Amino acid sequence: SATDACAASTRLRVVKTKNGATCRLEKDKIRPIQAGDIVPCIPSKSPLEKRRGAARCGAMDRRYVLPTGLEAFCAASEFSDRDAWTDCDNRSDVALCIVLEAGPPARISLRPSRIASRNIKPDEALEVGRVRPGFVVGADAKAGVFVELARGIVGRVLLKDLADGYVKDVVREFPLGRLVAPVVTQVSPKVELSLRPSAIKRESSIPKIMKENDVVKGTITRVEAYGVFVRIDDAPSDAPSGLAHKSELADDFVKDVSTRFAKGDRVVAKVLKIEQGDTRRKVSLGLKPSYFTQAMEEEEEEE
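Just so it is clear, the structure is predicted and the values come from calculations on it, not from any experiment.

Each value, and the rule that gives it
Residues numbered from 1 in each chain as written. Predicted model: local features only at pLDDT ≥ 70, side-chain atom pairs only at ≥ 80, totals over all residues. Heavy atoms only, no water. Helix = DSSP H or I, 4+ residues; strand = E, 2+ residues; numbered from the N terminus. Buried < 20%, exposed > 50% of the residue type's maximum accessible area, 1.4 Å probe, protein only. Contact = heavy atoms within 4.5 Å. pLDDT = per-residue confidence, 0-100. Pairing = 2+ DSSP bridges. Core = buried A, V, L, I, M, F, W, Y, C linked by side-chain atoms within 4.5 Å.

## Examining the environment of T221
1) Next: Tracing the backbone shows T221 in strand β14 (residues 215–224).
2) Next: Residue T221 is classed as partly exposed on the basis of its relative accessible area, which comes to 31%.
3) Next: Sequence separation of T221 and R266 is 45 residues, and the distance between their C-alpha atoms is 9.8 Å.
4) Next: Apart from the residues lying within four places of it in its own chain, the contact partners of T221 are F229, V230, R231, S241 and K263.

## Quick look at unusual backbone geometry
1) Next: Put simply, G103 and P104 share a cis peptide bond, and its omega is 5°.
2) Next: Following the sequence through the fold, P104 ends up in the loop between β6 (95–101) and β7 (106–109).
3) Next: S188 connects to P189 through a cis peptide bond whose omega is 0°.
4) Next: Turning to its location among the elements, P189 is positioned in the loop between β12 (183–186) and β13 (192–194).
5) Next: Positive phi is not limited to glycine here, since R118 has a value of about 55°.

## Side note on the confidence of the model for the chain
Interpretation of this model should avoid reading the predicted coordinates in detail wherever pLDDT is low.
1) Next: When pLDDT is averaged along the chain, the result is 78, and 74% of the positions lie at 70 or above.
2) Next: For the chain, per-element mean pLDDT is lowest for helix α1 (residues 2–5), which scores 42, and highest for β7, which scores 92.
3) Next: Ignoring residues within four places in sequence, the model shows residues 1–12, a span with pLDDT below 50, making 25 contacts including any to other chains.
4) Next: The model gives residues 50–55 a pLDDT under 50, and that stretch makes 10 contacts with residues more than four places away or in other chains.

## Considering the pairing of β7
Each regular strand displays side chains that alternate between the two surfaces of the sheet.
1) Next: Residues A106 and I108 line one face of β7 and the alternating positions R107 and S109 line the opposite face, and both faces are buried.
2) Next: As judged from the 3 bridges shared by strand β5 (residues 71–74) and β7, these two strands associate in the parallel manner. Residue pairing in the sheet places A72 in a bridge with A106 of β7.
3) Next: Here β6 pairs with β7 via 3 bridges, running antiparallel. Each bridged residue has a counterpart across the sheet, and for V99 the counterpart in β7 is I108.
4) Next: Linkage of β6 to β7, two consecutive antiparallel strands, is achieved through a turn of 4 residues, within which G103 is found at a positive phi near 75°.

## Remarks on the nonpolar core
1) Next: With 22 residues, the main nonpolar core has C41, L66, C97 and I108 as its most contacted residues.
2) Next: Excluding anything up to four places from it in sequence, L66 contacts I33, V39, P40, C41, A72, C97, V99, A106 and I108.
3) Next: If you look at the next biggest cluster of nonpolar residues, it comprises 17 residues, including I220, L249, A269 and L287.

## Re the sheet that holds strand β8 (residues 134–140)
1) Next: The strand order β11-β8-β9-β10-β13-β12 describes an open sheet built from 6 strands, whose pairing is mixed. The open sheet has two free edges, formed respectively by β11 (179–180) and β12, since each of these has just one partner strand.
2) Next: In the sheet, β8 pairs with strand β9 (residues 144–150) via 5 bridges, with the strands oriented antiparallel. Within β9, the residue paired with D140 across the bridge is G144.

Below, the structure written as structure tokens:
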């Protein structure tokens, strides 16, 4: 039972009062709540403090009280496992939780998977191009929509990125607690997101097609003095082309790029880096023969 689960951290004693029997804590036998403890939590009747500003990190937090009387908060992303997420509200019930941080105040999780595995590690890091569901914690007609992706992590969706079309009433369309699934377009210095279907299709397709150090095939679409642009095979029509800088075209010095490469040439390239630019991701490629010789040698060693 929930009471048995917290027996290691609390001791209850039945005493008689004017209103009947009740349970009190034997304080001399209480062990302080620690991270990793699994204990019951009771919804607090105290209202959450009103948070000012559009980026209300923790705006959907639920407040609880742990057996020792310690105040605890549960983030919206910790109400349940991700595959069971739905639009959330402020309703809460007595439940079993795992302590993520002892506080005070404590931070807790109600996720069954965390409790079963005693996992208190943070969620996986954000990655550009990945779709990360989250909950709306703020909406503003000028600033856009703010989405809590994980405990303590809030990203912003600019007005232009809310949809492929025009959103007339931002606040009405994105109420507090609504579950959305944006694509991550930037992680530093601030988390930026997009809810435009076209952006989700474009950005999320890149990780599926390639990752750093992959060897890919493509077609040269443009030749410039500083390098060549390559359209990667199987990439969506609106996906960004990769750039092979002049210094990455050959193992020897390339004086004139146009003497070695032309538009329409088929090439094999190594993905050197994928990074977020001002408006979209940049893919850096390498065409040096030594890259592929080294890769072949590594494969032979593994065999």
